[in-house]
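What follows is each chain in one-letter form.
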Amino acid sequence: MAATGDGVGVGSAYDGVAELYATLFRGELAGKEGELAAIRQLVAAPPVIGRGLPVGDLGCGPGEATELLAGLGVRAFGLDLSVGMLAQAQLARPGHPFVRGTLTALPLADGSLGAILARYSLIHLPPAQLPSVLAELRRVLAPGGLLLTGFFAADPTLGDTDRPVPFDHKVTTAHRWPIDTLAALFREAGFTETARTLRAPLPGERFPQGTLLLT
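Every residue gets a number counted from 1 within its own chain, in the order that chain's sequence is written. Side-chain atom pairs in this predicted model are given and counted only at pLDDT of 80 or more, local residue features only at pLDDT of at least 70, and totals for whole chains, interfaces and linings cover all residues. Water and hydrogen atoms were dropped before computing side-chain values, which therefore reflect all heavy atoms in the structure.

### Concerning the pattern of salt bridges
Definition used for salt bridges: Asp or Glu carboxyl oxygen within 4 Å of a side-chain nitrogen of Lys or Arg. Per the counting criterion, the structure on display carries 11 salt bridges. The salt bridge partner of lysine 32 is glutamate 205, with a shortest N-O separation of 3.9 Å. Residue lysine 32 is located in the loop between α2 (18-24) and α3 (33-42), and its partner glutamate 205 is located in the loop between β8 (193-199) and β9 (209-214); the two are separated by 173 residues in the primary sequence. Residue classification places glutamate 205 among the partly exposed residues on the basis of a relative accessible area of 23%. In this structure, glutamate 67 and arginine 93 form a salt bridge, with 2.9 Å as the shortest nitrogen-oxygen distance. Of the two residues, glutamate 67 sits in helix α5 (residues 64-71) while arginine 93 sits in the loop between α6 (83-92) and β3 (98-100), which places them 26 residues apart along the sequence. A simple rule labels every residue: compare its accessible area, found with a 1.4 Å probe on the protein chains alone, to the largest value its type can have, and call it buried under 20%, exposed over 50%, or partly exposed in between. Judged by its relative accessible area of 36%, glutamate 67 is partly exposed. The buried category is assigned to arginine 93, whose relative accessible area is 13%. Elements are defined by DSSP. Helices are runs of H or I of four residues or more, strands are runs of E of two residues or more, and each kind is numbered from the N terminus.

As structure tokens, then:
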């Protein structure tokens, strides 16, 4: 849940807040049972269980989800654009592998991942860039693999329609996505949706939250 957009700007923005971010969001997954259930479903993907392919936590931030994935008994690694975030991940979780990279040009072979977790790692991308990034995710995901993404969802009470809406994320500009619009872009990139969630904001959250599980 951090920086995997293109260019220096997103990575450097997260570099500047990495230590604070790691402190504020420590343990944030623990109470989100719906998302934890989806992650457990993710790691049951046939290429992970049957072939032992790794799970990539793409946009890993300080690495909490990477550690969670490894704790579920699969090979997992974290990838992030931010040097500062990777430093926090390596400091807190020295036994887990973390690499630097961007979603626009992943340093991974075709079909090399059994599953992909992309928690809030698409939110900073310019909408026009998203189709090429989804094609890159499709490239590295093995046939039969699963991808789980989490994102800020559109809020009709704010006048949101069927287009992504930029907002003042505390680190750098992000977008709220209508779930149907985002799902359509994944379909165009060759993915098939298997499940989705959409929920109202929890205390302390500003916007609705969504997930898509795809193969």
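So, next bit.
### Here's the deal with helix α8 (residues 179-188)
Among the residues of α8, Ile179, Leu182, Ala183, Leu185 and Phe186 are the ones counted as buried. Buried residues of α8 fall within an arc of 155 degrees about the axis and therefore sit on the same side. Opposite the buried face of α8, by more than 90 degrees, sit the exposed residues Asp180 and Glu188. At the exit of α8 stands glycine 190, carrying a positive phi of roughly 100 degrees. To obtain the arc, one takes the directions from the helix axis to the C-beta atoms.

### Section: the nonpolar core
Nonpolar cores were defined as sets of buried Ala, Val, Leu, Ile, Met, Phe, Trp, Tyr and Cys residues, with membership established by side-chain atoms within 4.5 Å. Ranked by internal contacts, the top residues of the largest apolar core, which has 36 residues, are Ile116, Leu122, Leu137 and Phe186. If you list the elements that add at least two residues to this core, you get β2 (76-80), β4 (113-119), α7 (130-140), β5 (141-152), α8 and β9. Contacts are assigned to residue pairs with any non-hydrogen atoms lying within 4.5 Å of each other. Those residues in contact with leucine 137 that sit more than four places away from it in its chain are Leu58, Leu103, Leu106, Ile116, Leu122, Leu147 and Phe191. In terms of nonpolar packing, the next biggest core, distinct from the first, is built from 18 residues, Val55, Leu117, Leu148 and Leu213 among them.

### Looking at the pairing of β9
In terms of residue burial, β9 counts as a mostly covered element, since six of its six residues are buried. Of the two faces of β9, the one lined by Gln209, Thr211 and Leu213 and the one lined by Gly210, Leu212 and Leu214 are each fully buried. Here, strands pair whenever DSSP counts at least two bridges between them. Pairing of β5 with β9, which is carried by six bridges, proceeds in the antiparallel orientation. Opposite leucine 148, over in β9, you have leucine 213 as the bridge partner.

### A short note on the sheet that holds β3
Spatially, the seven strands line up as an open sheet ordered β3-β2-β1-β4-β5-β9-β8, and their pairing is mixed. The open sheet has two free edges, formed respectively by β3 and β8, since each of these has just one partner strand. Neighbouring strand axes in the sheet, compared pairwise and without regard to direction, differ in orientation by 15 degrees on average. Here α5 sits on the sheet and contacts β1 (55-58), β2, β3 and β4; the angle it forms with β2, its principal contact strand, is near 165 degrees. Working convention: axes come from line fits to C-alpha atoms, limited for helices to the stretch in contact. Angles between N-to-C directions cover 0 to 180 degrees. Relative to the sheet, α7 contacts β1, β4 and β5, its axis offset from that of β5 by approximately 140 degrees.

### Considerations on the environment of isoleucine 123
Relative to the assigned elements, isoleucine 123 resides in the loop between β4 and α7. The spacing of isoleucine 123 and leucine 29 is 94 residues in sequence and 18 Å in space, taken between C-alpha atoms. Those residues within four positions of isoleucine 123 in sequence are excluded, and the remaining contacts are Phe151, Phe152, His169, Thr173, Ala174 and His175.

Just geometry here; none of it tells us what the structure is for.
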